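Next come the chains, spelled out residue by residue.
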Amino acid sequence: HWTGRHAHHQTSQKNMRLRLFLAIALAVSVLSACAHVAHADEAAAASSSDGTPPDFATLKISALRAILSERGLECRGCAEKTDFVEMARGNYHLPVVEKVVEQEPAKETKTQSDKMNDRDLDEMMKSMNSNANTGDPEKDAILNKLKAKGINMMGKDGMNGMDIEQLRKLEQAMGGMG
């Protein structure tokens, strides 16, 4: 009975982590789009309707960058606001380049075999949380001591890929961890 509640709790935690990840990804996308629109608005406000150049020295750097970007330019090596002002003033006469709207490539639909299923996710979580089992008792003992101290390297093989001598030296450097 307890096992069923425990499995339900784990599934619930996975779903919550997935929802949190998706919410954060959405928030980052929205913030990025808002920043892009804000820069475009600043550039539009900087350009007067009668064609006379704006007072470049009073504009924010983001507006100066937008003016340059509209003309297909980038102020590489600009360190001071005066650098941006000079470049914007010197290139304001150039025509505004029409931006090509890039279409996102068609997203591939994943087949069931491409999607990470709960079983795969459980296996991955288990491997991250389980004790070392390399088949070498000395190596396993050192790896488990390191993990208990909060040292756990991820990657293809993580610390399991280290030879026994490297692990002994790491254990010695950590003061024996005993």
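Predicted, not measured: the structure shown is a model, and the values here were computed from it.

Criteria and cut-off values
Residues numbered from 1 in each chain as written. Predicted model: local features only at pLDDT ≥ 70, side-chain atom pairs only at ≥ 80, totals over all residues. Heavy atoms only, no water. Phe/Tyr/Trp six-rings, centres within 6.5 Å; stacked < 30°, edge-to-face > 60°. Helix = DSSP H or I, 4+ residues; strand = E, 2+ residues; numbered from the N terminus. Buried < 20%, exposed > 50% of the residue type's maximum accessible area, 1.4 Å probe, protein only. Core = buried A, V, L, I, M, F, W, Y, C linked by side-chain atoms within 4.5 Å. Contact = heavy atoms within 4.5 Å. Disulfide = S-S within 2.5 Å. Salt bridge = Lys/Arg side-chain N within 4 Å of Asp/Glu carboxyl O.

A.B. asks: Just give me the short version of the packing of aromatic side chains, but keep the residues and values in it.
C.D. replies: Within the structure shown, the criterion is met by one aromatic pair. Measuring from ring centre to ring centre gives 5.4 Å for Phe56 and Tyr92, while their planes differ by 75 degrees; the resulting arrangement is edge-to-face. In this pair, Phe56 sits in the loop between helix H1 (2-46) and helix H2 (61-70) while Tyr92 sits in the loop between helix H3 (81-91) and helix H4 (118-129), placing the two residues 36 residues apart along the sequence. With relative accessibility at 3%, the residue Phe56 sits in the buried group. Residue Tyr92 is classed as buried on the basis of its relative accessible area of 12%.

A.B. asks: Which residues make up the nonpolar core, and what are the values?
C.D. replies: Residues Phe56, Leu59, Ala63, Leu64, Ile67, Leu68, Cys75, Cys78, Phe84, Val85, Ala88 and Tyr92 constitute the largest nonpolar core, which totals 12 residues. Of all the secondary-structure elements, those providing two or more residues to this core are H2 and H3. Among the elements that make up this core, the one with the highest residue count is H2 (four residues). If we skip the residues at most four places from it in the chain, Phe84 touches Ile61, Leu64, Arg65, Leu68, Cys75 and Cys78. Core analysis: the next-biggest nonpolar cluster, separate from the first, contains five residues, Ile142, Leu143, Leu146 and Met162 among them.

A.B. asks: Please provide a residue-by-residue account of the state of the cysteines, values included.
C.D. replies: One pass over the structure, following the stated rule, counts one disulfide. Between the sulfur of Cys75 and that of Cys78 lies a disulfide, 1.4 Å long from S to S. Negative torsions about the S-S bond denote left-handed disulfides, and the value of about -45 degrees found for Cys75 with Cys78 makes this one left-handed. Considered together, Cys75 and Cys78 belong to a single accessibility category, that of buried residues.

A.B. asks: Could you give an account of the pattern of salt bridges, naming the residues involved and the relevant values?
C.D. replies: Applying the stated criterion across every chain yields a total of four salt bridges. The partner of Glu74 in a salt bridge is Arg76, and the shortest N-O contact between them spans 3.8 Å. Exposure remark for Arg76: the relative accessible area of 70% places this residue in the exposed category. In this structure, Glu138 engages Arg168 in a salt bridge whose closest nitrogen and oxygen atoms are separated by 2.8 Å. Pair noted here: Glu138 is in helix H5 (residues 137-148) and Arg168 is in helix H6 (residues 164-173), with a separation of 30 residues, a long-range link. Relative accessible area serves as the criterion here: at 35%, Glu138 is assigned to the partly exposed category. A residue is classified by how much of its surface remains accessible, and Arg168, at 32% relative accessible area, is partly exposed.

A.B. asks: Could you give me a rundown of H2, with the residues and numbers involved?
C.D. replies: Most of H2 is tucked away: seven of the 10 residues are buried. Buried within H2 are the following residues: Ser62, Ala63, Leu64, Ala66, Ile67, Leu68 and Glu70. Just downstream of H2 lies Gly72, where phi reads positive at about 75 degrees.

Honestly, it's all geometry; don't read function into it.
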